Protein chains: 2
Amino acid sequence: MSREKLSKQPTILDVAARAGVSKSLVSLVMRDPDRVGESSRATVLAAAVELGYRPNAVARSLVQRRTNVIGVIVADLHNPFFADVADGIEDAAFQSGYRAMLSSGFLDPKRERGAIETMLELRVDGLVMLGSMMQVAKIERFAASLPVTVVGRHTRSTVVDSIGVDNSAGAQEAVDHLVALGHTRIAHIHAGTAGGSPRRRRGYEKAMRRHGLEDHIRLVKGAFTEAGGTTAMNEILESGDVPTAVFAPNDVAAIGAMEAIDAAGLAIPGDISLVGYDNLALAALRRIDLTTVGQPRVDLGRKAVGLVLERLDEGRERARHVVIPPHLVVRSTTGPP
Amino acid sequence: MSREKLSKQPTILDVAARAGVSKSLVSLVMRDPDRVGESSRATVLAAAVELGYRPNAVARSLVQRRTNVIGVIVADLHNPFFADVADGIEDAAFQSGYRAMLSSGFLDPKRERGAIETMLELRVDGLVMLGSMMQVAKIERFAASLPVTVVGRHTRSTVVDSIGVDNSAGAQEAVDHLVALGHTRIAHIHAGTAGGSPRRRRGYEKAMRRHGLEDHIRLVKGAFTEAGGTTAMNEILESGDVPTAVFAPNDVAAIGAMEAIDAAGLAIPGDISLVGYDNLALAALRRIDLTTVGQPRVDLGRKAVGLVLERLDEGRERARHVVIPPHLVVRSTTGPP
DNA sequence: ATACCGAATTGGAACGTTCCAAGCTAGTCT
DNA sequence: AGACTAGCTTGGAACGTTCCAATTCGGTAT
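This report concerns the structure included in the present document. Position labels on residues start from 1 in each chain and follow its written sequence. Naming scheme: in the order in which they are written, chains are lettered from A and ligands are numbered from 1. Per-residue local features of the predicted model are confined to residues with pLDDT of at least 70, and side-chain atom pairs are confined, for both listing and counting, to 80 or more; whole-chain, interface and lining totals are unaffected and use all residues. Computation of side-chain values covers all heavy atoms of the structure but excludes hydrogens and water.

### Comments concerning empty space enclosed by the protein
Using a grid of 1 Å spacing that covers the protein atoms alone, one calls a set of points a cavity when a 1.4 Å probe fits there but cannot get out, and a pocket when the set is open and has protein on both sides within 12 Å along at least five of seven lines; lining residues are those with an atom within 4 Å of a point. Grid points are joined across faces, edges and corners, and a volume is the space filled by probe spheres set on the points. Under the counting rule described, the total for this entry stands at four cavities of 30 Å³ or more. Its boundaries defined by the atoms lining it, the largest cavity holds a volume of some 250 Å³. For the largest cavity, the lining is made up of 17 residues, of which T67, V69 and L122 of chain A together with V69 and L122 of chain B are closest to its centre. Strands here mean DSSP runs of E at least two residues long; helices mean DSSP runs of H or I at least four residues long; both are numbered from the N terminus. Secondary structure elements with two or more residues in the lining of the largest cavity: α4 (57-64) of chain A together with α4 (57-64) of chain B. Under the grouping applied here, Gly and all other residues not named as nonpolar or charged are polar, the nonpolar ones being Ala, Val, Leu, Ile, Met, Phe, Trp, Tyr, Cys and Pro and the charged ones Asp, Glu, Lys and Arg. In terms of residue class, the lining of the largest cavity is made up of 13 nonpolar, four polar and no charged.

In structure tokens:
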């Protein structure tokens, strides 16, 4: 259990000694080789290679007071939606000379808090939160010390930036589609306060009312997970009052619901039409072929980083809340009742 | 584009000044409150809260020469297999007082090299590589400076630890199962040199020979991705010589192959039996219900961290190569020819 | 020769911690 | 009362960089 210091690696001083120059020159060679004389540059570079020198980002970060790292808190690594967004984040960060470091929040608030705390202690330059369930007030508390962008959730915050798709509009599109097919008894599985669930729920309710179906509004609590979808769907199936269509809070939950419907021996869309949300690659599989609401995921990630960088490199102070429109993708899990 | 220093946060000195004690005492309170007198502890803690002090891990890491961070390079965030392993990694790291930081390799060698380089500059204490395609020799080059564990690939390295399932045994189980069902024309889609593909291929070949089916050995190059599976399967379908069973290199590729078979109007397992590898949650879905080879994924991640910690905290020097046995999970994509 | 210039190079002070040896202060023992 | 002890507390030196003002050096213009 000894936790002694780790093996020593060569420092800038070792390189300097070997090359017979000052540490400052070595530092300069590493950062901006053009500002150094031809011959000393070659000597320094050679010495660095011989010693296997690798710059110590920890020391650099300390003096520069910046790490060039953008932290990403991912609620659930298993959700392919986040994986796509994370791709966009990593890509955009890299393009701008930053590095993205991910940490999973495990869908557990305590764990998430810990992950965030670690990121803050590591002094990441900015933070992107993917699918966080944390209260905005709590986020705002640390958002004072670094740029924070929340992805997939709307906030009215004047401190925290946010970016997401118009969840209400997407949900309404889903309901409109079902109504157009002739459905009236449309239930909605929601995921509580998680991610964009509240907005989707409101969109569902709004559309239902708009179609004069307020009496058919039916909300069942589930989650953004497969298990959550299955549980909620089973609850619906066992209620004895089975609707002709179900709108799930996301694709993963829809798949869980699909499982439950399959297991009950009912047909999709024959007995129940099903709509998801996210348009994951998964949803496009021929075997799944889920009608769903699509969101530009990678782009979402890129723009999230953009928001962080606007504060970091351009000095923006006021919060921005970006909303991207979603689009309905009709597949074979929806049909006439 | 100004990249000035970021906003200043309170330091240990600010806290010390406010509490009217020395910086050393503050430091001590943060690290080991019990070794400090009752009253000064309270004063310091109060001052820290008032100022919103948060320890600077960068400075701590610099002097301690350790970061308490374990870096994880994930080849592909979209592969649920890696997500499970990553869960195990994060969990085990956390239990032992370390933090896991992920970075995606994008399935792109150049990108992966960059991600690793960043981790090394950040001076992570250990590195876990998930699904890396990097040559072992290259890995060994930096494994001298920190403990590295490769997950999912076998190496004979004396420097790098590795952990994985017995891919050859798993592949043989798959072939044995197909042969027992009566298949003889069994093709194998492989993923080149990626991850555990070579071993799985060798297991396939070995089992085929063992059953006297060496003449039916048929290898088609694909990849560990859905697209890779689809492409390879299409190649098989278009060859005119369609086997009665296909063994895919992993579940994701198997799903891709499934897509292609579905699209061709053929039945599974009526026309073609299909076996995957990994036993993802995906494979258990009723709509997919893929026969596959299972691996204890979360456990794999936990043990991977264990290997790193053995070196870090217990001083192990010799490389260890852990192999975990896989198990066949029979579902409905396999049947008699 | 002298003064001056720009480019190349340098030394020292930071950055925010931890570590360590040494100092202080009560209290205890003789 | 004096010596000693144990528990707290402290200042200064690291850690490996970057930053900045200052220095050196060869050349050029006067």
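### As for the protein's contact with DNA strand C
Lining the immediate surroundings of DNA strand C are 24 residues, of which K23, S24 and S40 of chain A together with I12 and S27 of chain B lie closest. Here DNA strand C approaches the protein such that, of its atoms within 4 Å, sugar and phosphate make up 69%. For this analysis, a polar contact is any N or O atom pair within 3.5 Å, provided that within protein one partner can donate a hydrogen and the other can accept it, and provided that sequence-adjacent residues contribute only side-chain to side-chain pairs. One of the backbone N or O atoms of S22 of chain A is found 3.0 Å from a phosphate oxygen in DNA strand C. At 2.6 Å, a side-chain N or O of S24 of chain A approaches a base oxygen of DNA strand C. For the surface near DNA strand C, the class distribution of residues is nine nonpolar, nine polar and six charged. Being near a molecule or strand, for a residue, comes down to having at least one heavy atom within 4 Å of it.

### Considerations on the sheet that holds strand β8 (residues 245-247) of chain B
Residue and element names in this part refer to chain B. Strands qualify as paired when DSSP identifies two bridges or more between them. An order of β7-β6-β8-β9 is seen for the four strands of this open sheet, with the pairing classed as parallel. The open sheet has two free edges, formed respectively by β7 (218-221) and β9 (273-275), since each of these has just one partner strand. Ignoring which end each strand starts from, the neighbouring axes of this sheet average 20 degrees apart. Where strand β6 (residues 186-190) meets β7, four bridges bridge the pair, whose relative direction is parallel. Considered in β7, the bridge of A187 is made with R218. Strand contacts of helix α9 (residues 197-210): β6, β7 and β8, with the helix running at about 165 degrees to β6, the strand carrying the most contacts. Between the N-to-C directions of two axes lies an angle of 0 to 180 degrees, each axis being a line fitted to C-alpha atoms and, for a helix, fitted only over the stretch in contact. We call two residues in contact when some of their heavy atoms are within 4.5 Å.

### With respect to the interface of chain B and chain A
At the interface, 74 residues of chain B touch 72 residues of chain A. Criterion for a salt bridge: a side-chain nitrogen of Lys or Arg within 4 Å of a carboxyl oxygen of Asp or Glu. Across the chain B-chain A interface, the total number found is eight salt bridges. One can count 24 residue pairs in polar contact (both at pLDDT 80 or more) joining chain B with chain A. Those elements giving two or more residues to the side of chain B that touches chain A turn out to be α4, α5 (80-95), β2 (99-104), α6 (109-121), α11 (251-263), α12 (281-284) and α13 (297-314) of chain B. Here the residues of the side of chain B that touches chain A are counted per class, giving 34 nonpolar, 16 polar and 24 charged.

### Focus: the protein's contact with DNA strand D
In the region of DNA strand D, 25 residues are neighbours, and I12 and S27 of chain A together with K23, S24 and S40 of chain B sit closest. If you look at DNA strand D and keep only atoms within 4 Å of the protein, 68% of those are sugar or phosphate atoms. One of the side-chain N or O atoms of R31 of chain A is found 2.9 Å from a phosphate oxygen in DNA strand D. A distance of 3.0 Å separates a phosphate oxygen of DNA strand D from a polar atom in the backbone of G37 of chain B.

Any functional reading would require information beyond the geometric quantities listed.
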